[in-house]
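Listed below are the residues making up each chain.
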Amino acid sequence: MTKTFQPGDPIWCAGCGHYGVRNALQAAFQQLDVESHQTMVLAGIGCAGTLQNNVNAYGFHAMHGRVLPAATGVKLANPSLDVIAVGGDGDGYAIGCGHLVHSFKRNTGVVYILMNNGIYGLTKGQNSPTAETAEQAFDGVQLGLSIAGSSFIARGSSAAPTQLQKLMVAAIEHSRAGRGFAFLEVLSPCVTYNDTYPKWAGRMVDVDTITGYDPYSRTGAFTTVHDLNAENRFATGLIYQQDSIGSERQWLDSGQAAVCDLDIDPALQMSDFREIMDDYGV
Amino acid sequence: MRANQLTDLNVMVAGQGGDGSLTVTSILGELLARRGYHLYMSRNVASRIKGGHAAAMMRGSLEQRGCQGDNIDILLAFDQEAVDMAASRMAANGVIIFDTSDGDLNREGLADSIDIIEVPFGRFAVRDLRRNLFKNSLSFGVLSSILSIDEDEAINCLRHSFQRLPEDAIVANINAFDSGRKFFSELPQQPDLRMLANVEREKHLLITGNEAVAFGFLAAGGRFFAGYPITPATEVLEWVQKYGSRFNVQVTQAEDELAAVNMALGAAMTGVRAMTATSGPGFALMQETISHAGSAEIPLVVVNCQRAGPSTGMPTKTEQSDINMMVFGANGDFPRIVLAPGGPHDCFDLAVQATNLAQQLQCPVILALDQMIGQDSTTVEPFNLEAVVLQHGKRVDAATLQEMTEYRRYEITDDGVSPWAVPGTPGGESLVTGNERNEWGLVSSNPENRRNMVDKRQRKLDSNLHLLPRGNSQGDADAEIGLLGIGMQLGVIEEVWQRLSAQGVRIKFLQPRTLWPVLDETIEFTNSCKRVYVIEHNQAAQLAHLLLGEGANKAGIKSILKYDGQPFGAGELCAKIQQEEAGQ
Ligand SMILES: Cc1ncc(C[n+]2csc(CCOP(=O)(O)OP(=O)(O)O)c2C)c(N)n1
Ligand code: SF4
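Keep in mind the model is a prediction, meaning the values are calculated, not measured. (Residues numbered from 1 in each chain as written. Chains lettered and ligands numbered in written order. Predicted model: local features only at pLDDT ≥ 70, side-chain atom pairs only at ≥ 80, totals over all residues. Heavy atoms only, no water.)

Visitor: Before we move on, could you go through helix α12 (residues 344-361) of chain B and cite the residues and values that matter?
Guide: Its 18 residues give α12 of chain B an end-to-end C-alpha distance of 25 Å, which sits within 8% of 26 Å, the value for a rise of 1.5 Å per residue. Most of α12 of chain B sits inside the fold, with 15 of its 18 residues counted as buried. (Helix = DSSP H or I, 4+ residues; strand = E, 2+ residues; numbered from the N terminus. Expected span 1.5 Å × (residues − 1). Buried < 20%, exposed > 50% of the residue type's maximum accessible area, 1.4 Å probe, protein only.)

Here it is in structure tokens:
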């Protein structure tokens, strides 16, 4: 075997919720027999955005807030890869929020794991959009539900590893099945600047425990999430899904090949090039 | 060729109401092209959505030209504003065809020698025909008469131009054309007829720089494009949308430039040749990611079709004021290449080279266009498709990887370029990052590693200068006077050089095609001149400062600057240089 990089140990503070995220991701990879060379983990900037250094896969560190378009480019170019984007709530809900909206809408088969700790960890404790201040905190799940194209919305917690692993598996499977963008928000506390373990304990409600809950019903999901929020609680679990067709799968279904597999030798397409030139001939 | 035949004909069509009514230049262009003329066509539109004053300009010349001519030989004016705008540029023996629908022509400022034909277009209005089309066809009737073109030849061109219309619409247009012919033949005072030449020339392409740049990218294996619409770069996106599907190109209209450039970056990481295109404001938004591509060593091609800035500036007007941003923009030190094509043919060639260079050097390559290069269409020789050869740089596949004992994504090598395995390749798992890192891609701020990594990246350029496109130069090497300009200046400079040379002035010119890094040949050129006129479209003399910073002799540099949104004409530039020279 060729020797290549060995994933390093995380640099997070002891007790950081992000450990739980990495562990669940590794467990999900194992459960699904994911091949490391067929997997790409892209990360934004922040404490959350160092996870790619600690898993065995192709890794990429994007600019702050730009992990989703980069991951979208990867997936569109090479749909056979498992493309996992990760980042913090500052990365995804503040500076990169525009891309999140459009990722829901575009529905390209990227798995997006957003680690929500209500704070900017790496820059040492400033409020993030989800900080529970006097203003209404931002809710990415409701945002996703409000966008018609969204096809997979889930929330887990690093305090609930079994559920988290299950959700990661479901998210990767959603993407692999060609159904599109899988969004998984993880409540992942920052023990150093905003220890929400005690604050969040007891407030999470797994939708699987709600009788008659139907994750295929957008309005049902919205009502549940909204009503729980109003009671100061959060819905977790697989909140919403739709059997849509992801944009990269639509591309393949239309008879186009994955662009990474094309033979681009110009000699092969000389006659097509000539036809274009003819369009301009005078 | 007979003596009274026109060798260089400049036509301007102008009026209110957007540029839809100005397609008569295309019909005439078709005719001139069939007669063997070269064409240079541009539009001068207001920077607004619809309407406003618009002008289309067309130069037909037996010699290939890269800019508009000095004088207007024929003006087709749909209102007084058009005449006022063109008056100072009217040729003494020119013709004005004036639409009197909204009132008589005010001849103030017009030489008596100019022929004036007043046509009451309104009176000829043909029902069932869109006013724009009718105006075009009627005008073409008048124009073709003045140019002594026989009816069959003219109708042939008209039919060709309207070939996509239904037959009844074509017939209606021919009727409008006939009214124009009839009107002309019944004029009480016939102006002198002008004669066109009829020569053979090889088939050419009539194409814009934006189209050619997209074509070059495609020919060089480009298969991923993400963009966000912005004047004057949008045609690059539109072109790949139009022609890309045949080649299986992935084209995405992104939510903004940040997304566009990052999508291209993501695709590029998979080994697919990827590009984005934008103009100043969008290019400003892309800075962070260009620096990222430089640091993370990802091949990325970015087209910046410059427009008049700063800020939103004048979106439809040309300028070259992003030179600093393209060469020095974005944070940190990193290697980048900036190429500046001098016309559509060069756009094709340099897009091919940019796409290859990005792969070879694993760095961002910027194609510096300007509105004039990007949007004016001109006849150029067919592209040399056979000459397109793909360069793959140091890509390694699974088989090669197997034979390597170690694979370090950021291996420090003699030429600075590291081996590169793309995701999906077994054994090539690696970390790609904009953080400073060690050879394995693991984050490191060790001072020695840092120095080595910065130097390694810079070495990619320093040891591969021979790969960079050389400039385009002509003239006597010993000449003491030099002209230097990039992009849109080329066509003008060539013509100025010809004219001054013909007057016996010893002069040479250089169009650097690699803007960054500044090549030795560029500095050698400037320093071999006693005076070198650096001609650029910006106020801050950005190009001259770039050259000074790279070793050009300050004493010899004379900046000629223009920043009113209008390109130089050859006559205007000649006069400026002669004036300067007279003062020496
Ligand atoms: C363009 C840009 N602006 C600001 C920063 C500084 N910065 C780094 S991480 C970060 C916020 C990180 O917070 P979050 O995304 O919530 O992740 P966490 O550290 O909490 O895991 C900021 C503002 C940056 N790297 N780039
Ligand atoms: S600062 Fe907070 S988010 Fe960052 S590693 Fe420490 S605990 Fe985790």
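Visitor: Quick rundown of the interface of chain A and chain B? Include the residues and the values.
Guide: Contact with chain A, which involves 57 residues of that partner, is made by 71 residues of chain B. When chain A packs against chain B, the two sides together hide about 5600 Å² of surface, and 63% of this comes from carbon and sulfur. Considering only the surface of chain A that becomes buried against chain B, Tyr 58, Tyr 280 and Val 282 of chain A emerge as the three largest contributors, covering 15% of it. Taken together, the connections running from chain A to chain B amount to four salt bridges. Across the pair Glu 386 of chain B and Arg 274 of chain A runs a salt bridge whose closest N-O atoms are separated by 2.4 Å. Those elements giving two or more residues to the side of chain A that touches chain B turn out to be β1 (39-43), β2 (58-61), α2 (67-77), α4 (97-106) and α10 (270-279) of chain A. When residues in the side of chain A that touches chain B are grouped by element, the largest group, eight residues, is from α10 of chain A. In terms of residue class, the side of chain A that touches chain B is made up of 28 nonpolar, 21 polar and eight charged. Bridging between β2 of chain A and strand β17 (residues 431-433) of chain B involves three bridges; their strand directions are parallel. Paired with His 61 of chain A across the strands is Thr 433 of chain B, a residue of β17 of chain B. (Contact = heavy atoms within 4.5 Å. Buried area = accessible area lost by both parts, 1.4 Å probe. Salt bridge = Lys/Arg side-chain N within 4 Å of Asp/Glu carboxyl O. Nonpolar A, V, L, I, M, F, W, Y, C, P; charged D, E, K, R; others polar. Pairing = 2+ DSSP bridges.)

Visitor: I'd like a rundown of the sheet that holds strand β9 (residues 204-206) of chain A, residues and numbers included.
Guide: Strand order in this open sheet of nine strands is β9(A)-β10(A)-β7(A)-β8(A)-β4(A)-β3(A)-β1(A)-β2(A)-β17(B), and the pairing throughout is mixed. At either margin of the open sheet sits one strand with a lone partner, and together these are β9 of chain A together with β17 of chain B. Direction aside, neighbouring strands of the sheet carry axes that sit 20° apart on average. Sheet analysis places β1 of chain A next to strand β3 (residues 82-88) of chain A, joined by five bridges and oriented parallel. (Axes fitted to C-alpha atoms, helices over the stretch in contact; angles between N-to-C directions.)

Visitor: How would you summarise the domain arrangement of chain B if you had to cite specific residues and measurements?
Guide: How big an interface is tends to be stated in terms of the accessible area lost upon association of its parts. All names here are of chain B. Looking at chain B, the domain boundaries give domain 1 (3-196), domain 2 (206-380), domain 3 (394-468) and domain 4 (472-582). Centre-to-centre separation of domain 1 and domain 4, based on C-alpha positions: 35 Å. Of the residues lining the interface, seven residues belong to domain 1; the matching set on domain 4 comes to 10 residues. Buried area between domain 1 and domain 4, both sides added, is near 600 Å², and the carbon and sulfur share of it is 30%. The three residues of domain 1 that bury the most area against domain 4 are Arg 65, Cys 67 and Asp 70, which together make up 63% of that side's buried surface. The interface formed by domain 1 and domain 4 includes three salt bridges. Notably, a salt bridge pairs Arg 65 with Glu 495, separated by 4.0 Å at the nearest N-O pair. (Domains from an automatic or database assignment.)

Visitor: Quick one: what's the story with the site of ligand 1, residue by residue and with numbers?
Guide: Near ligand 1, the surroundings consist of 18 residues, among which Cys 47, Asp 89, Gly 90, Asp 91 and Gly 121 of chain A are the closest. Of the chains in the model, those with residues near ligand 1 are chains A and B. At 3.0 Å from an oxygen atom of ligand 1 is found a side-chain nitrogen or oxygen belonging to His 18 of chain A. In this structure, an oxygen atom belonging to ligand 1 sits 2.7 Å away from a side-chain N or O atom of Asp 89 of chain A. Out of a free accessible area of 590 Å², ligand 1 has 76% covered by protein chains. Only α3 (89-95) and β5 (119-120) of chain A provide two or more residues apiece to the shell around ligand 1. Per-element accounting of the shell around ligand 1 gives the leading share, four residues, to α3 of chain A. Of the residues contributing to the shell around ligand 1, the split by class is seven nonpolar, eight polar and three charged. (Near = heavy atom within 4 Å. Polar contact = N/O pair within 3.5 Å; in protein donor to acceptor, adjacent residues only side chain to side chain. Areas by Shrake-Rupley, 256 points an atom, 1.4 Å probe, with all protein chains shown as cover.)

Visitor: Outline the site of ligand 2, listing residues and values.
Guide: Around ligand 2 sit Trp 12, Cys 13, Cys 16, His 18, Cys 47, Asn 117, Cys 190, Val 191, Thr 192 and Tyr 193 of chain A, and those are all the residues in its vicinity. For the shell around ligand 2, the class distribution of residues is seven nonpolar, three polar and no charged.

Visitor: Give a description of the nonpolar core that names residues and reports values.
Guide: In terms of nonpolar packing, the biggest core is built from 98 residues, with Leu 42, Phe 60, Leu 100, Tyr 112 and Phe 183 of chain A together with Ile 298 of chain B touching the most fellow members. A total of nine residues in this core trace back to one element, the largest contributor, which is helix α8 (residues 257-269) of chain B. Setting aside anything within four residues of it in sequence, one finds Ile 298 of chain B in contact with Phe 60 of chain A together with Leu 265, Ala 268, Met 269, Ala 293, Gln 362, Cys 363, Pro 364 and Val 432 of chain B. Judged by nonpolar contacts, the second largest core, of 75 residues, contains Val 213, Ala 214, Ala 220 and Leu 461 of chain B. (Core = buried A, V, L, I, M, F, W, Y, C linked by side-chain atoms within 4.5 Å.)

Visitor: Quick one: what's the story with the layout of surface pockets, residue by residue and with numbers?
Guide: Residue and element names in this part refer to chain B. Of the pockets and cavities examined, the second largest pocket occupies roughly 590 Å³. Lining the second largest pocket are 29 residues, and of these Gln 64, Gly 342, Gly 343, Leu 490 and Glu 494 sit closest to its centre. If you list the elements that add at least two residues to the lining of the second largest pocket, you get α12, α13 (371-375), β16 (377-380), β18 (472-475) and α16 (489-502). Ranked by residues supplied to the lining of the second largest pocket, first place goes to α16 with six residues. (1 Å grid on protein atoms, 1.4 Å probe; cavity = no way out; pocket = protein on both sides within 12 Å on 5 of 7 lines; lining within 4 Å. Points joined across faces, edges and corners; volume = space filled by probe spheres on them.)

Visitor: How would you sum up the confidence of the model for chain B? Please name residues and give values.
Guide: Scored by pLDDT, chain B comes out at a mean of 94, with 96% of its residues at no less than 70. The least confident element of chain B, judged by mean pLDDT, is helix α3 (residues 131-146) of chain B at 87; the most confident is strand β14 (residues 337-339) of chain B at 99. (pLDDT = per-residue confidence, 0-100.)

Visitor: I'd like a description of empty space enclosed by the protein, backed by residues and values.
Guide: Residue and element names in this part refer to chain B. One pass over the structure, following the stated rule, counts four cavities of 30 Å³ or more. Around the largest cavity, the lining comprises 13 residues; the ones closest to its centre are Met 269, Arg 409, Trp 420, Ala 421 and Val 432. Per-class residue counts for the lining of the largest cavity are nine nonpolar, two polar and two charged. Mapped onto the domain boundaries, the lining of the largest cavity takes at least three residues apiece from domain 2 (206-380) and domain 3 (394-468).

Visitor: Which residues make up the environment of Tyr 93 of chain A, and what are the values?
Guide: Secondary-structure assignment places Tyr 93 of chain A in helix α3. A polar contact of 2.5 Å, which involves the side chain of Tyr 93 of chain A, links it to the side chain of Glu 185 of chain A.

Visitor: I'd like to hear about the packing of aromatic side chains, residue by residue, with values.
Guide: Counted under the stated rule, the structure contains 18 aromatic pairs over all chains. Aromatic pair Tyr 93 of chain A and Phe 138 of chain A: ring centres 4.7 Å apart, planes at 45°, arrangement tilted. Of the two residues, Tyr 93 of chain A sits in helix α3 while Phe 138 of chain A sits in the loop between β6 (126-127) and α5 (140-145), which places them 45 residues apart along the sequence. Ring plane angle 75° and centroid distance 5.5 Å describe the contact between Phe 78 of chain B and Phe 121 of chain B, whose orientation is recorded as edge-to-face. Of this pair, Phe 78 of chain B sits in the loop between β5 (72-77) and α2 (80-86) while Phe 121 of chain B sits in the loop between β7 (115-119) and α3, and the two are 43 residues apart along the sequence. For Phe 78 of chain B, a relative accessible area of 5% puts it in the buried group. Positioned over the ring face of Trp 440 of chain B is Arg 408 of chain B, at 5.9 Å from the centre of the ring. The ring of Phe 525 of chain B is capped by Lys 508 of chain B, whose NZ or CZ atom sits 5.3 Å from the centre of that ring. (Phe/Tyr/Trp six-rings, centres within 6.5 Å; stacked < 30°, edge-to-face > 60°. Lys NZ or Arg CZ within 6 Å of the ring centre and 35° of its normal.)

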